[in-house]
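Structural features, examined
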Amino acid sequence: MNLAIPAWEIPTLAITGSKERFPVRRVFCMGLNYLDHKQEMGITGEVPAFMFTKAVNHVVPCEAGAITDIKYPSKTANYQWECELTAVIGKRGANIPAAHANEHIWGYAVGLDMTRRDLQLWAKSRELPWEIGKDVEQSGPVGEITPASQMGHPQSAPLWLKANGEYKQKSDINQMILPTPGIIAFLSGYYTLEPGDIIMTGTPAGIGPVHPGDVIEAGIGDLPVLKVRVVA
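Only a predicted model underlies this, so the values are computations on that prediction, with no experimental measurement involved. Within each chain, residue numbers correspond to sequence positions counted from 1 in written order. Totals for whole chains, interfaces and linings use all residues, but because this is a predicted model, local features are given only for residues with pLDDT of at least 70 and pairs of side-chain atoms are given and counted only at 80 or more. With hydrogens and water set aside, each side-chain value is computed from the structure's full complement of heavy atoms.

The cut-offs for exposure are 20% and 50% of the maximum accessible area for each residue type, with area from a 1.4 Å probe on protein chains only; residues under the lower value are buried, those over the upper are exposed, and the others partly exposed. Strands here mean DSSP runs of E at least two residues long; helices mean DSSP runs of H or I at least four residues long; both are numbered from the N terminus. Only one face of strand E18 (residues 226-231) is buried: it carries Leu226, Val228 and Val230, and the other face, with Lys227, Arg229 and Val231, is open. Here a strand pair is declared whenever DSSP counts at least two bridges between the two strands. Alignment of strand E6 (residues 68-71) against E18, held across 4 bridges, turns out to be parallel. What sits directly across from Thr68, in E18, is Val228. Pairing of strand E17 (residues 215-220) with E18 involves 4 bridges; the strand directions are antiparallel. Bridge assignment links Val215 to a residue of E18, and that residue is Arg229. Here E17 folds back onto E18 in antiparallel fashion, the turn holding 5 residues, of which Gly221 has a positive phi close to 55°.

Spelled out as structure tokens, the structure:
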């Protein structure tokens, strides 16, 4: 096939204990999936399950034991972290029942949904789409994947994030409003999930701003810890 311009490389993620890498197809993100995060965002009442996406080229592969640099983006004065369990899809499916969702999950990793919060809130206040706050270059750091064949499918695991060594987020994935199987069932009702899709499952309370020079560490259970440094 002759291409008019050179093709770009798709992002790939490291796999724990393997020299193979996992190619990323699409990035789905769940919104407001922890009650305490809803509260800190000032949202009351019932909110139906909803999702948004990030462009796949915004994924930043992070190797275990290393600090990965991510750039502070333009047009924001309030760039914030969100630590999230990330489920990795390995089997195609649509309209997947929650009871069979785990059959489609290849593994899990720690992810960060970095957000230009000021731009997100600006857009929301005007009832405009808020991709400009979420779909941001280098806004999707993802750590090494641990295959489900090795770790199973966690229903409970401590989730934490540190900024410059200080805990900012401390919770448990069992606090998700819609657990991972329910997320798979929800998303697969709207999209045919494909191998290579990754799903960020939402964040708990404790979001906050980063600045150039800050080091962020994030962990969930026994998954490899993710470390990033924000650079100007």
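This is not the end of the story, as more comes after the structure.
The backbone of Asn95 sits at a positive phi, close to 50°, despite the residue not being glycine. With respect to the element layout, Asn95 can be found in the loop between strand E8 (83-89) and strand E9 (105-112).

The strands making up a sheet associate through hydrogen bonds between their backbones, and the pairing can be parallel or antiparallel. The 5 strands lie next to each other as E6-E18-E17-E13-E14, forming an open sheet whose pairing is mixed. Each edge of the open sheet is held by one strand with a lone partner, namely E6 and strand E14 (166-172). Across the sheet, the mean angle separating the axes of adjacent strands is 20° when strand polarity is ignored. Note on geometry: axes are lines fitted to C-alpha atoms, helical ones only across the stretch in contact, with angles between N-to-C directions running from 0 to 180 degrees.

Here we take up the pattern of salt bridges. Whenever a carboxyl oxygen of Asp or Glu lies within 4 Å of a side-chain nitrogen of Lys or Arg, that contact is scored as a salt bridge. On inspection of all chains with the given rule, the structure shows 11 salt bridges. When the shortest N-O distance is used, the salt bridge between Glu103 and Lys91 registers 3.9 Å. One end of the pair, Glu103, is in the loop between E8 and E9; the other, Lys91, is in the loop between E8 and E9, and 12 residues separate them in sequence. Look at Glu103 and you get partly exposed, because its relative accessible area is 47%. Ionic pairing is found between Arg92 and Glu194, a salt bridge with its closest N-O pair at 2.9 Å. Taken together, the positions of Arg92 in the loop between E8 and E9 and Glu194 in the loop between helix H5 (180-188) and strand E15 (198-200) put the pair 102 residues apart, joining distant regions of the chain. A residue is classified by how much of its surface remains accessible, and Glu194, at 16% relative accessible area, is buried.

With that out of the way, let us pick up the packing of aromatic side chains. The geometry of an aromatic ring pair comes down to the distance between the two centres and the angle between the two planes. Aromatic rings from Phe, Tyr and Trp, with only the six-membered ring used for Trp, were paired whenever their centres fell within 6.5 Å, and each pair was classed as stacked if the ring planes differed by under 30 degrees, edge-to-face if by over 60, and tilted otherwise. Counted under the stated rule, the structure contains 7 aromatic pairs. Put simply, the rings of Phe50, Phe52 and Trp130 touch in pairs and so form one group of aromatic residues. Sitting over a ring, as applied to charges here, requires NZ of Lys or CZ of Arg to be within 6 Å of the ring centre and within 35 degrees of the ring normal. The side chain of Lys124 reaches across the aromatic face of Trp130, ending 5.8 Å from its centre. Positioned over the ring face of Trp160 is Lys162, at 5.6 Å from the centre of the ring.

Below, the discussion takes up the environment of Ile132. Its place among the elements puts Ile132 in helix H3 (residues 131-134). Note: C-alpha distance between Ile132 and Arg116 (16 residues apart in sequence) is 7.6 Å. We call two residues in contact when some of their heavy atoms are within 4.5 Å. Aside from chain neighbours lying at most four places away, what touches Ile132 is Arg116 and Leu119.

Looking now at empty space enclosed by the protein. Every definition here rests on a 1 Å grid over the protein atoms only: cavities are sets of points where a 1.4 Å probe fits but cannot get out, pockets are open sets enclosed by protein on both sides within 12 Å along at least five of seven lines, and lining residues have some atom within 4 Å of a point. Grid points are joined across faces, edges and corners, and a volume is the space filled by probe spheres set on the points. Tallied over the full model, the rule gives 1 cavity of 30 Å³ or more. Estimates place the volume of the largest cavity at around 130 Å³. Forming the walls of the largest cavity are 17 residues, and the residues nearest its centre are Gly31, Leu32, His37, Gln120 and Lys134. The element contributing the most residues to the lining of the largest cavity is helix H2 (residues 117-125), with 3 residues. The residue classification treats Ala, Val, Leu, Ile, Met, Phe, Trp, Tyr, Cys and Pro as nonpolar and Asp, Glu, Lys and Arg as charged. All others, Gly included, are polar. Each residue belonging to the lining of the largest cavity can be placed in one class, and the counts come to 7 nonpolar, 5 polar and 5 charged.

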